[in-house]
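Chain by chain, the residues:
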Amino acid sequence: MSKEKIALFTIFGGTGDLAQRKLYPSLFKLYQKGYLQDHFAVIGTARRPWSDDHYHEIIANSLASLNADAKTVQAFASHFYYQSHDVTDAQHYVTLKRLSEKLDAQYGLQGNRIFYLAMAPNFFGTIAQHLKSENILTDNGFNRVIIEKPFGHDFESAKELNDALTATFNENQIYRIDHYLGKEMIQNISAIRFGNNIWESLWNNRYISNVQITLSEKLGVEERAVYYDNSGALRDMVQNHILQILSLLTMDQPVEFTEKDIDIEKVKALRSLRPYKPEEVADNFVRGQYAADGDVKAYRDEDKISPESNTDTFVAGKVMIDNFRWSGVPFYVRTGKRLADKFTRIDIVFKRPVVNIFNHDDNASDSTNELAPNVLTINVEPTEGFELRMNAKCVGQGFATTPIQLDYDHDSEATANSPEAYERLLHDALNGDATNFTHWQEVAYSWKFVDVIQKYWDEHTPDFPNYRPGTMGPTASDELLKRDGNEWVYKD
């Protein structure tokens, strides 16, 4: 059976940074691997008056870092067509329809259409409405729309956006990309849990003390300054990436490993998030903003940032899950800009033995022999692999114990050849598999949890800046855990 996928891609925002950095290289890798062959075409749209030839040059430039054969690049680019397009002008959709039908016949695309909205969300509803009114959707193939975050600015705006999309597309036709769900080690969470009885048997509040999720970024806001200053770390990272990871860590085992069953369990987990009352926010969530340090500018001194901005560039928080499996277990999350290094990791901290039989007094000055907690670490990036910290006997006389670490990292060659997140997710969309995309109810419950925190912060002026670049955030982040008798596994 051929693995070739047949579809017409229409990319709204085809001249943009996302298309050039992520979409074109990912489509090219699918082409190299044979998932895209003769029966595909791509229409790139934007306001710029480009020709097809210039568009092909842009695509070739976007693939330069892949060191691909020039003839292969040329053959790939020949499937791309450019249309100068105003998404608010109905007449432009008439032109788009004619080009779509021409390419459908030319490449034998069977009416299969994927619309990628790589634009600001305020245009999503307009585009969806015109796709329907100008009859660009087909009856004889599939119609799928892929959208990028942000999925709204709060619950109300997210619902408005969703209502605009569902006026044209069914929920099972809407693919909300969260690129973290395309990462190898995030997808490994399910394999670890449900493929190993040793872990799933311990994956509950009887054995786990706390769970820590860290998404650390070394750089500042860079070219995302305008977007970021209207968003902040809570909206940009916690509402989507972190809560999606948390749902995979906390969901119950699905009946089958299918999109429908996984979505059911993720939604149940997100419904179980304990909502904070406004007066509880300050005790459970910490925000920060980076200061200046040497050559590094303070956030408020960055280009296009207001000198009075109170936007959070760091968030740490304690999330509680009110269900039978997780009651009483704190989930600590943190993310931020200008931190010690760039990495993503998950630390599952297990409870210590109820009785420490090794903590005996033999009249030696160093007789105390406290057992360290067992910790399972899932390294998501840049290293991909697992670490297991456990206790063992020290070599030599006596019976002192010491923590040891068992490590497994993915083979560098296998990692280099594994699909990048966007490549994996585009392939899933071609297959009609939305398992690793975000569904509406997941978005809704995430916003409802985050909105209370954001509203409290909006009503209270913070003492910014409050952390130095190159650290792991403000000291209040450490104090958040200390109040529970815990500490971050990763320390700067």
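- The chain is annotated in an unreviewed UniProt entry as Glucose-6-phosphate 1-dehydrogenase of Lactiplantibacillus nangangensis.
- Looking at the Sequence similarities (unreviewed entry) heading of the UniProt record, one finds this comment for the chain: "Belongs to the glucose-6-phosphate dehydrogenase family."
- Of the chain, the UniProt comment under Pathway (unreviewed entry) reads exactly: "Carbohydrate degradation; pentose phosphate pathway; D-ribulose 5-phosphate from D-glucose 6-phosphate (oxidative stage): step 1/3."

**Observations regarding the UniProt feature "binding site: NADP(+)" (unreviewed entry) in the chain**
Now for step 1: Listed under "binding site: NADP(+)" (unreviewed entry) in the UniProt record, and renumbered for this structure, are R47, D86, V87 and K149.
Now for step 2: A relative accessible area of 17% means that D86 is categorised as buried.
Now for step 3: Excluding residues within four positions of it along the chain, D86 makes contact with R47, H92 and Y93.
Now for step 4: Only 2.7 Å separates the side chain of D86 from the side chain of T88, close enough to count as a polar contact.
Now for step 5: Tracing the backbone shows V87 in the loop between β3 (80-84) and α4 (90-107).
Now for step 6: Since its relative accessible area comes to 7%, V87 is described here as buried.
Now for step 7: For V87, the residues in contact, after removing those within four places along its chain, are F12, Y93, M119, F123, T126, I127 and H130.

**Focus: the sheet that holds strand β9 (residues 314-320)**
Now for step 1: As summarised here, the arrangement of the eight strands in space is β8-β9-β10-β7-β11-β12-β13-β14, forming an open sheet in which the pairing is mixed. Single-partner strands in this sheet number two, and they are β8 (285-288) and β14 (401-409). Between one strand axis and the next, the sheet turns by 15° as a mean value, whatever way the strands run.
Now for step 2: As defined by bridge partners, strand β12 (residues 375-381) adjoins strand β13 (residues 385-393) across five bridges and the pair is classed as antiparallel. Bridging from a neighbouring strand, N379 pairs with G385 of β13.
Now for step 3: Strands β7 (208-216), β8, β9 and β10 (330-336) of the sheet are contacted by helix α16 (residues 475-482), whose axis makes an angle of about 15° with β9.

The rules behind the values
Residues numbered from 1 in each chain as written. Predicted model: local features only at pLDDT ≥ 70, side-chain atom pairs only at ≥ 80, totals over all residues. Heavy atoms only, no water. UniProt positions renumbered as here; feature names shortened; annotations may be inferred. Buried < 20%, exposed > 50% of the residue type's maximum accessible area, 1.4 Å probe, protein only. Contact = heavy atoms within 4.5 Å. Polar contact = N/O pair within 3.5 Å; in protein donor to acceptor, adjacent residues only side chain to side chain. Helix = DSSP H or I, 4+ residues; strand = E, 2+ residues; numbered from the N terminus. Pairing = 2+ DSSP bridges. Axes fitted to C-alpha atoms, helices over the stretch in contact; angles between N-to-C directions.

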